[in-house]
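# Per-entry structural report
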Amino acid sequence: MVKYNALKYLYDVEKTIGTGGFAKVKLATHLLTGEKVAIKIMNKSLIGDGCPRIKMELEALKDISHHHICKLYQVIETKEHFFIVMEYCSGGELFDHIVEKNKLSEFEARLFFRQILSAVAYLHNVGYVHRDLKPENILLDRDLNLKLIDFGLCAKPVGGMSSHLQTSCGSPTYAAPELIKGHQYIGGKVDVWSLGVLLYALLCGFLPFDCDNIENLYKKILSGKYSEPSWLSEESRKIIRDMLQVDPKERITVDELLSHQWITMGCLDPVTHNSLNLYHEKNNEVLNALGKYHMIESEEIWERINKWDYDYDTATYLLLLNRCKQGLPLRLSTQSRLRYKIQGIP
Ligand SMILES: Cn1cc(Br)cc1C(=O)Nc1[nH]nc2c1CN(C(=O)N[C@H](CN1CCCC1)c1ccccc1)C21CC1
């Protein structure tokens, strides 16, 4: 097992749970709290040229705090690596969940879709577009809550949400027509198209535009034609049609989606974008537990936490905040206190 010095005394690194192009994700334990985390380890030499996308992803993640977006806890940068410590989602990928169930009932699809819609509406509300929405980028936690990940392609359009973006990115299967045409596009509209492809996959168990070769895939997407299986209700067909409009001007907006009839069916309230957890709220129960542990006044602890440096203290606070919100006891392992002390952290 490769030992990462930067993580010593802070995290117990366990197995690899994901490997991607120039990164891998490992399951780990945050030693002070005993909580599981996922650490995305990126090798700088493989990425090169100053890693702009990683910096973009990290800046975005630091601005974001939402129940259905995978939380950033800590960032450690060394000469060779970035260690990005994030929320651990133990339910795996949404993609696998759909495959295993073949397709979801309209009721289950609605519960899932409402969660992702809330995350995307929140993202747009804080000025980001995701641009790579697909089931592989959506994970489940142990309570089947959905968590959006992978902000490597997200963008914060300079001129705000109505300004145009140019970069063609994301996976073609979920990419909007205007994006694959290389036209200027509105980021928010591109996310709505991907949401349409996603909802279609949830309800049908297969993709609206799929092809063995990229040429025919593009033709299908640009035509906007897809089959409507017999089991789709009229309302399901309607909301999918509203999202899979080739002309972005005809396409429904995220705000209109929040109160769409399909979304509120079964007397459900419209979806709200505000996140359940307020952005980095001050929690006295957690501060008291930390104050006792470090034998420092909790106000002084808050002074340090409230800088949000995304250091070990940020991770400790956010992990304890998570436990506190789930009504679980707050524990700080004294055993690792010794190691903590050895490392000379005050
Ligand atoms: C698949 N799986 C099964 C179980 Br059980 C837990 C998981 C799991 O991955 N859990 C998990 N929790 N938190 C994370 C993960 C995975 N994960 C990820 O960020 N996973 C992505 C997955 N991308 C989807 C499309 C391309 C790669 C990843 C990015 C780079 C390299 C490897 C993986 C985070 C850190 C945010």
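Before reading further, recall that the structure is shown in the block above.
Residues numbered from 1 in each chain as written. Predicted model: local features only at pLDDT ≥ 70, side-chain atom pairs only at ≥ 80, totals over all residues. Heavy atoms only, no water.

All right, on to the site of the ligand then. Inspection of the region around the ligand gives 20 residues, with Ala38, Glu87, Cys89, Asn137 and Asp150 positioned closest. Here a nitrogen atom of the ligand sits 2.9 Å away from a polar atom, N or O, in the main chain of Glu87. The backbone of Cys89 places a nitrogen or oxygen atom 2.9 Å from a nitrogen atom of the ligand. With three residues, strand β1 (residues 11-19) is the single largest residue contributor to the shell around the ligand. (Near = heavy atom within 4 Å. Polar contact = N/O pair within 3.5 Å; in protein donor to acceptor, adjacent residues only side chain to side chain. Helix = DSSP H or I, 4+ residues; strand = E, 2+ residues; numbered from the N terminus.)

A few words on the nonpolar core. In this structure, Tyr11, Leu195 and Tyr317 are the most contacted members of the largest nonpolar core, which totals 106 residues. Looking at this core, the element that brings in the most residues is helix α6 (residues 187-204), giving 11 residues. When residues no more than four places from it in sequence are discounted, the contact partners of Tyr317 are Glu281, Lys282, Asn283, Val286, Leu287, Leu290, Trp302, Ile305 and Trp308. (Core = buried A, V, L, I, M, F, W, Y, C linked by side-chain atoms within 4.5 Å. Buried < 20%, exposed > 50% of the residue type's maximum accessible area, 1.4 Å probe, protein only. Contact = heavy atoms within 4.5 Å.)

Next up on the list: the environment of Lys15. Position of Lys15 relative to the elements: it lies in strand β1. Sequence separation of Lys15 and Cys324 is 309 residues, and the distance between their C-alpha atoms is 27 Å.

Before going further, it helps to spend a moment on the side chain of His260. The residue His260 is located in the loop between α9 (254-258) and α10 (284-294) in this model. With sequence-adjacent residues up to four places away left out, His260 is seen in contact with Glu235, Lys238, Ile239, Asp242 and Ile252.

This part covers the packing of helix α4 (residues 106-125) against α6. The geometry of α4 relative to α6 is characterised by a closest axis approach of 10 Å and an angle of 165° between their N-to-C directions. As summarised for this structure, α4 and α6 are arranged roughly antiparallel, according to the angle between their axes. Seen along the crossing, α4 lies across α6 with a hand that is right-handed. For the pair α4 and α6, contact is made by Glu106, Ala109, Phe112, Phe113, Ile116, Leu117, Val120 and His124 and by Gly188, Asp191, Leu195, Leu198, Leu199, Leu202 and Leu203, respectively. (Axes fitted to C-alpha atoms, helices over the stretch in contact; angles between N-to-C directions. Parallel < 35°, antiparallel > 145°, perpendicular 65-115°, else oblique. Left-handed = near helix turned anticlockwise from the far one by under 90°.)

Look at α4: 27 Å from first C-alpha to last across 20 residues, which is about the 28 Å you get at 1.5 Å a residue. Of all 20 residues making up α4, 16 are buried, and the element is well covered by its neighbours. (Expected span 1.5 Å × (residues − 1).)

Looking now at the sheet that holds strand β5 (residues 81-87). Taken in spatial order, the five strands make up an open sheet running β1-β2-β3-β5-β4, and their pairing is antiparallel. Edge positions in the sheet fall to β1 and β4 (72-77), since each of these pairs with one other strand and no more. Taking each pair of neighbouring strands and ignoring which way they run, the sheet shows an average axis angle of 25°. By the bridge criterion, eight bridges tie strand β2 (residues 23-30) to strand β3 (residues 35-43) in an arrangement that is antiparallel. Bridge pairing links Lys26 to Ile39 in β3. Where helix α2 (residues 52-63) meets the sheet, its contacts fall on β3, β4 and β5, and the angle it forms with β5 comes to roughly 30°. (Pairing = 2+ DSSP bridges.)

With that out of the way, let us pick up the layout of surface pockets. Estimated volume of the largest pocket: approximately 900 Å³. Elements that contribute at least two residues to the lining of the largest pocket include exactly β1, β2, β3, α2 and β5. A volume near 690 Å³ is recorded for the second largest pocket. Lining the second largest pocket are 30 residues, with Tyr73, Glu87, Lys147, Asn322 and Gln326 sitting closest to its centre. Those elements that provide at least two residues to the lining of the second largest pocket are β3 and α12 (312-325). Top element by residues in the lining of the second largest pocket is α12. It accounts for six residues. Split into classes, the residues belonging to the lining of the second largest pocket amount to 10 nonpolar, nine polar and 11 charged. (1 Å grid on protein atoms, 1.4 Å probe; cavity = no way out; pocket = protein on both sides within 12 Å on 5 of 7 lines; lining within 4 Å. Points joined across faces, edges and corners; volume = space filled by probe spheres on them. Nonpolar A, V, L, I, M, F, W, Y, C, P; charged D, E, K, R; others polar.)

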